[in-house]
Amino acid sequence: MTNSSGASSWPEPFDHSFVHGEVVTDGRTLERLTVRAVVLRGDELLLVHSRVNGDLMFPGGGVEAGESHDAALARELLEECGAELLEVGALLGEVREYRLARELGFDAYCIRSLYYLCRIGEQLVAPQPQPYEIRLGFVPGWFALDEALQTNKTQLAGPCPQWTARETRVLAQLQRWHQQGRFEE
């Protein structure tokens with residue numbers, strides 16, 4: 001696993017994959033790289049809650065052409081949470097999600113999400129959400145790890161966005177590390 005931020009890797013980073021539907025994953029794949037911020041404050045995580053879907057997700061999004069991982073994390077934290085990125089720490093792991101490609105000439109579309117431990121400034125300002133984030137009712141907040149995991153598990157029992165499975169898997173991994181005393185602020 002490589003990253004452009006220069007951040008160190010976590011001692012045993014997670015590496016998960018999801019296949020949504022009937023997808024040929026060993027054919028021509030179009031990949032989108034995203035970065036996600038894992039921000040701790042005591043026993044709480046900074047997450048984005050969707051008032052429309054009811055789920056919780058890590059702040060983050062796509063890395064634009066020529067953009068570093070650090071710059072993408074800084075942009076996404078400011079847009080979604082009104083947070084100033086101070087430091088990018090360890091790369092905790094990655095998740096690859098495969099879907100049927102909509103683009104001609106491709107068999108699969110893969111969203112590759114890299115999760116970085118991040119430190120932010122004390123003050124939060126008003127978020128600057130994108131139009132789709134406004135439609136989904138995105139609101140940032142601090143959530144206890146156990147509460148966040150339970151919220152997403154509850155959402156998985158019904159109709160929910162595909163990303164809820166990804167974020168729930170990462171929350172479960174963080175909870176395991178926390179229970180082992182390996183994941184502290």
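Everything below is about the structure printed above this text.
Residues numbered from 1 in each chain as written. Predicted model: local features only at pLDDT ≥ 70, side-chain atom pairs only at ≥ 80, totals over all residues. Heavy atoms only, no water.

Enquirer: Lay out the packing of helix H3 (residues 145-156) against helix H4 (residues 163-179) in plain terms, naming residues and giving numbers.
Expert: Taken N-terminus to C-terminus, the directions of H3 and H4 make an angle of 145°; their axes are 9 Å apart at the nearest point. Our pair here, H3 against H4, has a crossing hand that is left-handed. Contact with H3, carried on its side by Leu145, Asp146, Ala148, Leu149, Asn152, Lys153, Gln155 and Leu156, involves Thr164, Ala165, Glu167, Thr168, Leu171, Ala172, Leu174, Gln175 and His178 of H4 and no other residues of that element. The residue makeup of the contact of H3 with H4, split by class, is eight nonpolar, six polar and three charged. (Axes fitted to C-alpha atoms, helices over the stretch in contact; angles between N-to-C directions. Helix = DSSP H or I, 4+ residues; strand = E, 2+ residues; numbered from the N terminus. Left-handed = near helix turned anticlockwise from the far one by under 90°. Contact = heavy atoms within 4.5 Å. Nonpolar A, V, L, I, M, F, W, Y, C, P; charged D, E, K, R; others polar.)

Enquirer: I'd like a rundown of the nonpolar core, residues and numbers included.
Expert: Core analysis: the biggest nonpolar cluster contains 24 residues, and Val38, Leu45, Phe58, Leu92, Leu174 and Phe183 have the highest contact counts within it. Broken down by element, the residue count for this core peaks at five residues, all from H4. Discounting chain neighbours no more than four positions away, the residues touching Leu174 are Val38, Leu45, Phe58, Leu92, Leu145 and Phe183. Listed in part, the 20 residues of the second largest apolar core include Val39, Leu46, Leu91 and Tyr116. (Core = buried A, V, L, I, M, F, W, Y, C linked by side-chain atoms within 4.5 Å. Buried < 20%, exposed > 50% of the residue type's maximum accessible area, 1.4 Å probe, protein only.)

Enquirer: Which residues make up the pattern of salt bridges, and what values do they have?
Expert: On inspection of all chains with the given rule, the structure shows 13 salt bridges. Close ionic contact of Arg41 with Glu44 constitutes a salt bridge, the shortest N to O distance being 2.7 Å. Salt bridges sharing partners connect three or more residues here, namely Asp15, Glu31, Glu94, Arg96 and Arg112. (Salt bridge = Lys/Arg side-chain N within 4 Å of Asp/Glu carboxyl O.)

Enquirer: Hey, could you go over the state of the cysteines for me, with residue numbers and the actual values?
Expert: Inspection of the entire model under this criterion finds zero disulfides. With no disulfide of its own, Cys81 lies closest to Cys118 among cysteine sulfurs, the gap being 11 Å. A residue is classified by how much of its surface remains accessible, and Cys81, at 1% relative accessible area, is buried. Looking at the unpaired Cys110, the closest cysteine sulfur is the one in Cys160, lying at 19 Å. Of the residues examined, Cys110 reaches a relative accessible area of 2% and is grouped as buried. (Disulfide = S-S within 2.5 Å.)

Read these as geometric descriptors, not functional statements.
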